[in-house]
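# Overview (structure and organization)
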Amino acid sequence: MRTTVGIIGAGPAGLLLARLLHNAGVDSVVLESRDRAYVERRQRAGILEQGTVDVLRAAGAGERMDREGLRHDGIELRFDRRRHRVDFPALTGGKSVMVYAQTEVCKDLIALQLEDGGPLLFEAEALAVEGAETDRPRVRFRHEGVEDVLECDYVVGCDGFWGVARKAVPAGLSQTFERTYPFGWLGILADVAPSHDELVYARHDRGFALLSMRSPSVSRLYLQVPADTDAESWSDEEIWAELERRFETDDDWVLHRGPITQKSVTPMRSYVHEPMRHGRLFLAGDAAHIVPPTGAKGLNLAVGDVVTFARALAHRRETGSDDLLDAYSATCLRRVWQAERFSYDMTTLLHRAPDATPFEDRLQVARLDRIASSRAAETDLAGAYTGFPIG
């Protein structure tokens, strides 16, 4: 099998890249180790930055998002029983974010790819990337019980942290930077209308809480818990009671309860692999970097990576120059490290460390007070949350 760009992984990054390449007249093949049903129900991110929304629309994948997604013009910060709203459009020149689940993005992009895109092979397990240093890299994979080879001009690894793409970068050339946090998020899905029309980020002495949503009738909520927590060790009653404590305010706001349909614990870590390119192998998304979910950056960073690659390849086709492809890693990493910085800042701003001292507690409140009282600090948060420039 032969193609111009071999894409490993049919998450949002790989699927969007295939769409961008199709629209530019570049052929590709997408290899996905899981079946279609798994990809379309894999729960992940739900916040799309302004730039991601714009890219999906321009790629022809925004129709259902615009119809069913929930545009949000701000977030609410809660601390010391107080509430402060951050107004995104007023602080960023009109930017907003969209609540639209990764599962829905994948469904839309899969439908487009199967309708008029290049081959998308489900249950096609990538085994190795070979020849990345040559002008004919290849991906060995197994599909329907048969091992095969996909020959490419370029390989883009969108296969996540545990995928094979990053393993093709020689260890002597790799640098990794990481931080593991001593807490995680106990997340629930509940069949109840959200108790607020925008996301609520709460800092509390008992730990962080987040009020989010998947639709006008489904709430998504999170509690900071120890990293080794078993989700099933929390009863529904305990979860709702703890959420009520952490969201409490001095006004008459009420958290609405409903049937909990799903529980899980999300670990919290920061990770960056440098470089993001080796020869004709390019890493994108979780294959190269992971952020804690506090800053809502994971999916959006992946989108930035594949947009950067697609632009660089288009530049080469138009000019014959490899300059932008050569700069891919450095270009992406500038954005990645800003997102890592913002995600770390949000995480340390809102979560209580297990060994936190009263001094550190007061510093957190002071930092939140600064955001609530300083337009400059508030603008910095709003600009980062709605998205750093791509490229």
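Residues numbered from 1 in each chain as written. Predicted model: local features only at pLDDT ≥ 70, side-chain atom pairs only at ≥ 80, totals over all residues. Heavy atoms only, no water.

### What to know about unusual backbone geometry
The peptide bond linking Glu274 to Pro275 adopts the cis configuration, its omega dihedral lying at 0 degrees. Here Pro275 lies in the loop between β17 (260-274) and β18 (277-278). Even without glycine at this site, Asp80 takes up a positive phi of about 50 degrees. What makes Asp80 partly exposed here is its relative accessible area of 46%. The backbone of Arg81 sits at a positive phi, close to 65 degrees, despite the residue not being glycine. One can find Arg81 in the loop between β5 (74-79) and β6 (82-87). (Helix = DSSP H or I, 4+ residues; strand = E, 2+ residues; numbered from the N terminus. Buried < 20%, exposed > 50% of the residue type's maximum accessible area, 1.4 Å probe, protein only.)

### So, the packing of helix α1 (residues 12-23) against helix α8 (residues 298-319)
It is the contact of α1 with α8, at a shortest axis distance of 9 Å, that shows an interaxial angle of 30 degrees. As far as their axial angle goes, α8 and α1 are roughly parallel. For the pair α1 and α8, the crossing hand works out as right-handed. Judged by residue contacts, Pro12, Ala13, Leu16, Leu17, Leu20 and Leu21 of α1 engage Leu299, Ala302, Val303, Val306, Val307, Phe309, Ala310 and Leu313 from α8. Across the contact of α1 with α8, the residue classes tally to 14 nonpolar, no polar and no charged. (Axes fitted to C-alpha atoms, helices over the stretch in contact; angles between N-to-C directions. Parallel < 35°, antiparallel > 145°, perpendicular 65-115°, else oblique. Left-handed = near helix turned anticlockwise from the far one by under 90°. Contact = heavy atoms within 4.5 Å. Nonpolar A, V, L, I, M, F, W, Y, C, P; charged D, E, K, R; others polar.)

### Observations concerning the side chain of Asp159
For Asp159, the position within the fold is in the loop between β12 (154-157) and β13 (175-190). For the buried residue Asp159, which engages in no salt bridge, the nearest side chain bearing the opposite charge is Arg166, 6.8 Å off. One polar contact links the side chain of Asp159 to the main-chain amide nitrogen of Val164, over a distance of 2.8 Å. In this structure the side chain of Asp159 is engaged in a polar contact, spanning 3.0 Å, whose partner is the backbone nitrogen of Ala165. Beyond its immediate chain neighbours, meaning those up to four positions away, Asp159 contacts Ile8, Gly9, Val164, Ala165 and Ala287. (Lys, Arg positive; Asp, Glu negative; His and termini not counted. Salt bridge = Lys/Arg side-chain N within 4 Å of Asp/Glu carboxyl O. Polar contact = N/O pair within 3.5 Å; in protein donor to acceptor, adjacent residues only side chain to side chain.)

### Looking at the packing of aromatic side chains
Scanning the entire structure with this criterion turns up 16 aromatic pairs. Taken together, a centroid distance of 5.7 Å and an interplanar angle of 80 degrees make the contact between Phe177 and Trp337 edge-to-face. Separated by 160 residues along the polypeptide, Phe177 in strand β13 and Trp337 in helix α10 (residues 328-350) bring together distant segments of the chain. Taking the relative accessible area as the measure of exposure, Phe177 reaches 32% and is therefore partly exposed. (Phe/Tyr/Trp six-rings, centres within 6.5 Å; stacked < 30°, edge-to-face > 60°.)

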